[in-house]
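Okay, here's what each chain looks like letter by letter:
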Amino acid sequence: MSGTIALAAGTACLLSVTAAVPLRRLALRWDLTDHPGGHKTHSRPTPYLGGVAITVGTVVPTVITLGLADLQIIAILLAAATVSLLGLIDDITPLPAATRLIVETAVAIGVVFSGVQATVTGTWLDSVLTVAWIIVMTNSFNLLDNMDGALGTVTTVTAGLLAATALLQGHTSLAVLLCALACACLGFLPHNWAPARMFMGDSGSLFLGFTVACSATVLVMGRPPDAMIAGLFLPTFMATVDTCVVFLSRLLANRPPLRGGTDHVSHRLRRMGLGTRAVAATLGAITAFTGALCLTTVSGLLSPLVAMVAAGAIAVTLVSLLRDTNTRPSAHLPQIPQKTHERRR
């Protein structure tokens with residue numbers, strides 16, 4: 001099985017890195033680009049459609065490797081591809097938030113009906129909670145796509161460690177999917193590493209968030225409550241903390257929580273003096289640590305409670321360091337690249 005996983009991973013990386021080239025040219029030809037202006041730092045239109053390369057790089061090797069036998073994996077892939085298409089439409093023509101939410105809810109319900117469900121209460125509420133979890137994480141990953149290389153790095157690390165967790169638990173089919181996802185992101189990173197020549201857009205960020213959320217849910221099914229909470233929170237630590245920081249800071253400042261701004265964790269790290277590449281690497285390192293904590297709980301080397309306390313300490317430390325960071329652009333500090341779709345969030 002290791003050879004099969006390696007083949008799927010290698011194919012995913014190759015597909016992603018090569019498909020991005022013609023997609024970039026197509027995006028430039030059709031003007032599917034993020035134009036410079038305002039406080040953005042890129043000097044020329046930067047094309048979207050990177051998310052299409054990631055989606056193709058993940059879905060195609062997974063289906064070729066596994067076929068159509070595993071209904072849960074197929075349900076996740078179909079739903080994630082639908083969300084990716086939704087994001088692509090939103091990249092081209094901005095959609096109302098209600099439309100996005102309706103589609104995300106519908107496909108999340110479809111995945112839950114396939115059997116992907118976190119058993120928290122043992123009642124019908126579990127279905128509702130699982131759908132809500134998937135939707136929140138999908139959009140949290142979307143919010144995390146606010147700086148060159150940030151989301152690609154975080155997801156590469158997250159999916160890789162989740163794949164290792166899946167192998168430990170005997171979920172080989174899910175491990176194939178997650179390895180393909182990690183390597184598809186890895187293949188796209190050269191195009192998205194600062195200074196980015198291509199953005200993944202909402203089609204990529206929504207696809208990544210949805211796939212990771214569903215995969216993490218599969219891995220916690222049937223586990224005790226403490227292990228379930230750790231298994232959901234630790235792999236998505238960076239997206240969760242970023243979303244909480246953004247929403248709390250905006251509410252405390254009496255600003256609409258859904259209106260975009262330069263108050264994300266990545267922006268705050270940038271204003272502390274880190275370069276764009278260093279920010280992406282820092283987010284990846286934190287993700288690697290919390291993902292490793294999750295892996296140790298599955299292997300029995302660490303209790304879920306201890307792992308959660310450690311992750312909580314990291315969250316408190318991070319928030320404390322970033323709390324007083326100025327979130328308004330300053331003439332004395334490097335300006336932060338801000339994508340068009342970020343301003344709608």
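Now for a description of the structure that goes with this document. Computed from a predicted structure; not experimentally measured.

## Section: the pattern of salt bridges
No. 1: Per the stated rule, a full pass over the model turns up four salt bridges.
No. 2: One salt bridge connects Arg100 with Asp202, and the closest N-O pair in it is separated by 3.2 Å. In this pair, Arg100 is assigned in helix H4 (residues 97–113) and Asp202 in helix H8 (residues 201–220), connecting sequence segments 102 residues apart.
No. 3: Relative accessible area serves as the criterion here: at 1%, Asp202 is assigned to the buried category.
No. 4: Here Asp263 makes a salt bridge to Arg255, at a shortest N to O gap of 3.1 Å.
No. 5: Using a relative accessible area of 0% as the deciding quantity, one classes Asp263 as buried.

## Details of the packing of helix H10 (residues 237–252) against helix H13 (residues 304–322)
No. 1: Orientation of H10 relative to H13, taken along the N-to-C sense of each, is 40 degrees, at an axis distance of 11 Å. Overall, the two elements H10 and H13 adopt an arrangement that is oblique. Once H10 is placed against H13, the crossing between them reads as right-handed. Contacts between H10 and H13 involve Phe237, Met238, Val241 and Val245 from the first element and Ala311, Ile314, Ala315, Leu318 and Val319 from the second.
No. 2: Across the contact of H10 with H13, the residue classes break down as nine nonpolar, no polar and no charged.

## Quick word on helix H6 (residues 150–168)
Because an α-helix completes one turn every 3.6 residues, residues spaced three or four positions apart along the sequence face the same direction.
No. 1: Counted at 1.5 Å a residue, the expected span for H6 with its 19 residues is 27 Å, and the 28 Å between its end C-alpha atoms agrees.
No. 2: Among the 19 residues in H6, 14 count as buried, and that is most of the element.
No. 3: Residue Gly170 follows H6 closely and has a positive phi angle near 85 degrees.

## So, a nonpolar patch on the surface
No. 1: Judged by side-chain polarity, Val120, Trp124, Leu125, Val128 and Leu129 come together as a nonpolar surface patch covering roughly 500 Å² of accessible area.
No. 2: On the secondary structure map, Val128 appears in helix H5 (residues 125–144).
No. 3: Accessibility expressed as a relative area gives 44% for Val128, which makes it partly exposed.

## Some points on the packing of helix H2 (residues 50–66) against H8
When two helices pack together, their arrangement is given by the angle between their axes and by how far apart the axes lie.
No. 1: Viewed as axis vectors pointing N to C, H2 and H8 meet at an angle of 40 degrees, and their least axial separation amounts to 7 Å. Residues Gly51, Val52, Ile54, Thr55, Thr58 and Val59 of H2 touch H8, and the partners they reach there are Ser203, Gly204, Phe207 and Leu208.
No. 2: For the contact of H2 with H8, a count of residues per class yields five nonpolar, five polar and no charged.

## Focus on the state of the cysteines
No. 1: Under the counting rule described, the total for this entry stands at zero disulfides.
No. 2: With no disulfide of its own, Cys183 has Cys13 as its nearest cysteine by sulfur position, at a separation of 5.8 Å.
No. 3: Residue Cys244 stays outside any disulfide, its sulfur separated by 18 Å from that of Cys294, the closest cysteine.
No. 4: Of the residues examined, Cys244 reaches a relative accessible area of 41% and is grouped as partly exposed.

## Quick look at unusual backbone geometry
No. 1: Omega for the peptide link from Ala194 to Pro195 comes to -5 degrees, which places this bond in the cis form.
No. 2: In this structure, Pro195 sits in the loop between helix H7 (172–192) and H8.
No. 3: Even without glycine at this site, Asp31 takes up a positive phi of about 60 degrees.
No. 4: Within the fold, Asp31 resides in the loop between helix H1 (2–29) and strand E1 (33–34).
No. 5: Relative accessible area serves as the criterion here: at 46%, Asp31 is assigned to the partly exposed category.
No. 6: For Leu49, which is not glycine, the phi torsion reads 80 degrees and is therefore positive.
No. 7: Assignment of secondary structure puts Leu49 in the loop between strand E2 (46–47) and H2.
No. 8: On the accessibility criterion, Leu49 (6% relative accessible area) is buried.

## Concerning the environment of Ala27
No. 1: Mapped onto the secondary structure, Ala27 falls in helix H1.
No. 2: Put simply, Ala27 and Val306 are 279 residues apart on the chain and 47 Å apart in space, counted from C-alpha to C-alpha.
No. 3: Residues in contact with Ala27, not counting those within four places in the same chain, are Leu32, Thr33, Pro47, Tyr48 and Leu49.

## Concerning the packing of aromatic side chains
No. 1: Under the counting rule described, the total for this entry stands at two aromatic pairs.
No. 2: An angle of 50 degrees between the planes, with centres 6.3 Å apart, marks the rings of Tyr48 and Phe199 as tilted. Placement of Tyr48 in the loop between E2 and H2 and of Phe199 in the loop between H7 and H8 is noted, with a sequence separation of 151 residues between them.
No. 3: You can call Tyr48 buried: its relative accessible area is 6%.
No. 4: Overall, Phe199 belongs to the buried group, its relative accessible area being 3%.
No. 5: Between Phe233 and Phe237, the ring centres sit 5.6 Å apart and the planes meet at 75 degrees, which makes this aromatic pair edge-to-face.
No. 6: For Phe237, a relative accessible area of 0% translates into the label buried.

Thresholds, definitions, all that
- Residues numbered from 1 in each chain as written.
- Predicted model: local features only at pLDDT ≥ 70, side-chain atom pairs only at ≥ 80, totals over all residues.
- Heavy atoms only, no water.
- Salt bridge = Lys/Arg side-chain N within 4 Å of Asp/Glu carboxyl O.
- Helix = DSSP H or I, 4+ residues; strand = E, 2+ residues; numbered from the N terminus.
- Buried < 20%, exposed > 50% of the residue type's maximum accessible area, 1.4 Å probe, protein only.
- Axes fitted to C-alpha atoms, helices over the stretch in contact; angles between N-to-C directions.
- Parallel < 35°, antiparallel > 145°, perpendicular 65-115°, else oblique.
- Left-handed = near helix turned anticlockwise from the far one by under 90°.
- Contact = heavy atoms within 4.5 Å.
- Nonpolar A, V, L, I, M, F, W, Y, C, P; charged D, E, K, R; others polar.
- Expected span 1.5 Å × (residues − 1).
- Patch = residues over 30% accessible without salt bridge, like charges linked within 9 Å, V, L, I, M, F, W, Y side chains within 5 Å.
- Areas by Shrake-Rupley, 256 points an atom, 1.4 Å probe, with all protein chains shown as cover.
- Disulfide = S-S within 2.5 Å.
- Phe/Tyr/Trp six-rings, centres within 6.5 Å; stacked < 30°, edge-to-face > 60°.

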